[in-house]
Amino acid sequence: MTRHFLRDDDLSQAEQSAVLDLAVSMKRDRWGAKPLAGPQSVAVIFDKSSTRTRVSFHVGISDLGGSPLIISTANSQLGGKETPSDTARVLERMVSAIVWRTYGQAGLEEMAAGTTVPVVNALSDDFHPCQLLADLLTIREHRGELAGQTVAFVGDGASNMAQSYLLAGATAGMHVRVAAPAEFAPAAQVVTDAEHRAAETGGSVLVVTDPVAAVAGADVVVTDTWVSMGKEDEKQQRLATFKDYRVDDVMMAHAADDAVFMHCLPADRGYEVTADVIDGPRSIIWDEAENRLHAQKALLAWLLASNSSASYSSASNSSASNSSAS
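Keep in mind that what you see is a predicted model, and the values were worked out from it rather than measured.

Analysis parameters
Residues numbered from 1 in each chain as written. Predicted model: local features only at pLDDT ≥ 70, side-chain atom pairs only at ≥ 80, totals over all residues. Heavy atoms only, no water. Buried < 20%, exposed > 50% of the residue type's maximum accessible area, 1.4 Å probe, protein only. Helix = DSSP H or I, 4+ residues; strand = E, 2+ residues; numbered from the N terminus. Arc of directions from axis to C-beta. Contact = heavy atoms within 4.5 Å. Pairing = 2+ DSSP bridges. Right-handed = clockwise from strand over helix to strand, strands pointing away. Axes fitted to C-alpha atoms, helices over the stretch in contact; angles between N-to-C directions. Parallel < 35°, antiparallel > 145°, perpendicular 65-115°, else oblique. Left-handed = near helix turned anticlockwise from the far one by under 90°. Nonpolar A, V, L, I, M, F, W, Y, C, P; charged D, E, K, R; others polar.

Describe helix α3 (residues 84-91), naming the residues involved and giving the relevant values.
Within α3 the residues assigned to the buried category are Pro84, Thr87, Ala88 and Leu91. One side of α3 holds all its buried residues, which, seen down the axis, span an arc of 100 degrees.

Describe the environment of threonine 274, naming the residues involved and giving the relevant values.
Examined against the element boundaries, threonine 274 turns out to sit in the loop between β9 (260-263) and α11 (275-278). You can call threonine 274 buried: its relative accessible area is 19%. Here threonine 274 is in contact with Arg246, Val247, Asp248 and Asp249, once residues within four sequence places are set aside.

Which residues make up unusual backbone geometry, and what values go with them?
Between glycine 38 and the following residue, proline 39, the backbone shows a cis peptide bond with an omega angle of 0 degrees. Tracing the sequence through the fold places proline 39 in the loop between α1 (13-28) and β1 (41-46). The omega angle of the peptide bond from leucine 265 to proline 266 is 0 degrees, so this bond is cis rather than trans. The residue proline 266 is located in the loop between β9 and α11 in this model. In the Ramachandran plot, leucine 123 falls in the positive-phi region, its phi being about 150 degrees despite a non-glycine side chain. Positive phi values are uncommon outside glycine, yet leucine 265 reaches one of about 70 degrees. For leucine 265, the position within the fold is in the loop between β9 and α11.

Summarise the pairing of strand β2 (residues 67-72); cite the residues concerned and give the values.
By the bridge criterion, six bridges tie β1 to β2 in an arrangement that is parallel. The residue bridging valine 44 from the neighbouring strand is isoleucine 70, located in β2. Handedness of the β-α-β unit built from β1, helix α2 (residues 52-63) and β2 comes out right-handed.

How would you explain the packing of helix α5 (residues 129-143) against helix α6 (residues 160-171) if you had to name every residue and give the values?
As a packed pair, α5 and α6 sit with axes 9 Å apart at the nearest point and diverge in direction by 60 degrees. With respect to their mutual orientation, α5 and α6 come out oblique. When the axes of α5 and α6 are compared, the crossing they make is right-handed. Residues Pro129, Gln131, Leu132, Asp135, Leu136 and Ile139 of α5 touch α6, and the partners they reach there are Met161, Ser164, Tyr165 and Ala168. Tallied by class, residues from the contact of α5 with α6 come to seven nonpolar, two polar and one charged.

Rendered as structure tokens:
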């Protein structure tokens, strides 16, 4: 059965830890692992504009010895004439993996169901699991063991970032708190799934409307834009709704004394976060942005090895795992 990465809980706690261990190893020796030597190609498909996702996957695939094939749906048959499953069956004959940044989660699920190569969710309306691997790597670098850490997400609880924090944080054994207006709460099923995972890992999940209650004593404070792609026509309404959820120095004062601040970027300074916080000494956003590269490289290597029944040791930077799933 082909392994994919469509949402954060597609990895168990042990598997998530293994991918992060591998990311640490690859960050230490950036060009030492070449599982895509050949070069093998990876299709990277974009429905949405991108900076960090496009650059990190392009550079990461190249670092792994592969060839990134960047595709815009606006200029491909996937943009209208061809189904995701048919596209996947064509691509699997030519590429070793498919990465897709899109809108609906259903398209990713259809694509994954129709192919024998790993499909990676590079962002959907529901989840942003690659970003969460980078975030967890960054938290681990700055705060140590993930299990037992308390992370507070403040803002749009229905966003892909909030929902991925629930699933990925629970998988890591973290205590995840989401503060959002009631009408912007995470999907009930996502909360339930996170609760089930937290029960297995020793973590916990809390959804509240009071941002101070979420941030109180937290080790990590996270926010994201209030106006995501596709929501621009709701901007004025959203600015009014979320005004009490801005992360500023007053909000950060409720967190632990050594708490760090994170934001996946791009940021609207003065809206969801003040410049004093995002550009201040507690902000680790630039490490977070860089770690997209290392986390995604590790994920691709892990998926390729898993799907080829090979073992990929996080302690090894050899190119022994050159077999692909294509």
